[in-house]
Amino acid sequence: MRNGSSHDDLARLLSEAGQKALVLNPDAGEELVRQCWPHQKGIRTRRSISERQKLLVFMADGFRCRYTGDLLFFSGYLWAISALWPDTFPAHPHGKSDEAHEAFWTHFASVEHLDPIATGGTETEDNWITTSMARNQVRSRYSLEALGWKVQQRTPLREWDGGIATFLELFDRFPELRATPRLKRWHSLCQSCIPPA
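The rules behind the values
Residues numbered from 1 in each chain as written. Predicted model: local features only at pLDDT ≥ 70, side-chain atom pairs only at ≥ 80, totals over all residues. Heavy atoms only, no water. Core = buried A, V, L, I, M, F, W, Y, C linked by side-chain atoms within 4.5 Å. Buried < 20%, exposed > 50% of the residue type's maximum accessible area, 1.4 Å probe, protein only. Helix = DSSP H or I, 4+ residues; strand = E, 2+ residues; numbered from the N terminus. Contact = heavy atoms within 4.5 Å. Axes fitted to C-alpha atoms, helices over the stretch in contact; angles between N-to-C directions. Parallel < 35°, antiparallel > 145°, perpendicular 65-115°, else oblique. Left-handed = near helix turned anticlockwise from the far one by under 90°. Nonpolar A, V, L, I, M, F, W, Y, C, P; charged D, E, K, R; others polar. Salt bridge = Lys/Arg side-chain N within 4 Å of Asp/Glu carboxyl O.

Caption draft 1: Inspection of the nonpolar core at higher detail. Core analysis: the largest hydrophobic core is formed by 38 residues, its most contacted members being Leu 55, Phe 63, Phe 74, Leu 78, Ile 164, Phe 167 and Leu 183. For this core, the secondary structure elements donating two or more residues are helix H3 (51–60), helix H4 (75–84), helix H5 (103–106), strand E1 (109–113), strand E2 (128–132), helix H8 (164–173) and helix H10 (181–193). In this structure Phe 74 touches Leu 55, Phe 63, Gly 162, Ile 164, Phe 167, Trp 186 and Cys 190, once residues within four positions along its chain are discounted.

Okay, structure coming up:
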């Protein structure tokens, strides 16, 4: 029943399973769920995409969410402005949403898997696209069809650079940014991925 079933169809199935448990016995309800909507355990794999590969995906997608077209930022830019204004624009090293500025979820570029790894998708370039961290979390293991999402065409990088040029200028101008190991790594990464002008 799962493939092609609507959200409401699945809600009715669970309601029916509860009723079967009440009227017949718990095993009857469980059997209905087992047959019609079996649990599919996710596949756990070690992620192997490098920071360089991520940046190249973001650049290829023009730092735009491929589902909405929303503008997104290079993580180095967001971390740089957080280093400059830590109280106004706080970051958290592990991405805790209650401690970091909302932009680290809504505007932070994230690599998304068209076919989720948890359902058998591959960790390959043809399965990677750009979205926000928030949308990546929402998507999880759901199919695009289940969420009603569609993939948009790529947008050229020349229209929006995700803050890379400003990040490089900020890094050069403010010594405190150059003293931050995370920002130094991102600076080197940008230098290696951006062709000379």
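Caption draft 2: Focus on the environment of Ser 192. Inspection of the secondary structure assignment puts Ser 192 in helix H10. With 140 residues separating them along the chain, Ser 192 and Arg 52 place their C-alpha atoms 8.4 Å apart.

Caption draft 3: Representation of the packing of H3 against H10 in the model. Between H3 and H10, the least distance of the axes is 10 Å, while the angle of their chain directions is 55 degrees. In terms of orientation, H3 and H10 fall into the oblique class. In this structure, H3 crosses over H10, and the sense of that crossing is right-handed. Of the residues in H10, those touching H3 at Glu 51, Arg 52, Leu 55, Leu 56 and Met 59 are Trp 186, Leu 189, Cys 190, Ser 192 and Cys 193. Here the residues of the contact of H3 with H10 sort into seven nonpolar, one polar and two charged.

Caption draft 4: Spotlight on the side chain of Asp 61. Here Asp 61 lies in the loop between H3 and H4. Given the relative accessible area of 0%, Asp 61 is considered buried. Among residues more than four places away in sequence, those in contact with Asp 61 are Arg 66, Ile 129, Thr 130, Arg 154 and Thr 155.

Caption draft 5: The arrangement of the pattern of salt bridges in detail. Per the counting criterion, the structure on display carries five salt bridges. In this structure, the salt-bridge partner of Arg 139 is Glu 112, at a minimum N-O distance of 2.6 Å. Remark: Glu 112 occurs in strand E1 and Arg 139 occurs in helix H6 (residues 133–139); sequence separation between them is 27 residues. A single burial state applies to Arg 139 and to Glu 112, both of which are buried. Through salt bridges with shared partners, a single ionic network connects Asp 61, Arg 66 and Arg 154.

Read these as geometric descriptors, not functional statements.
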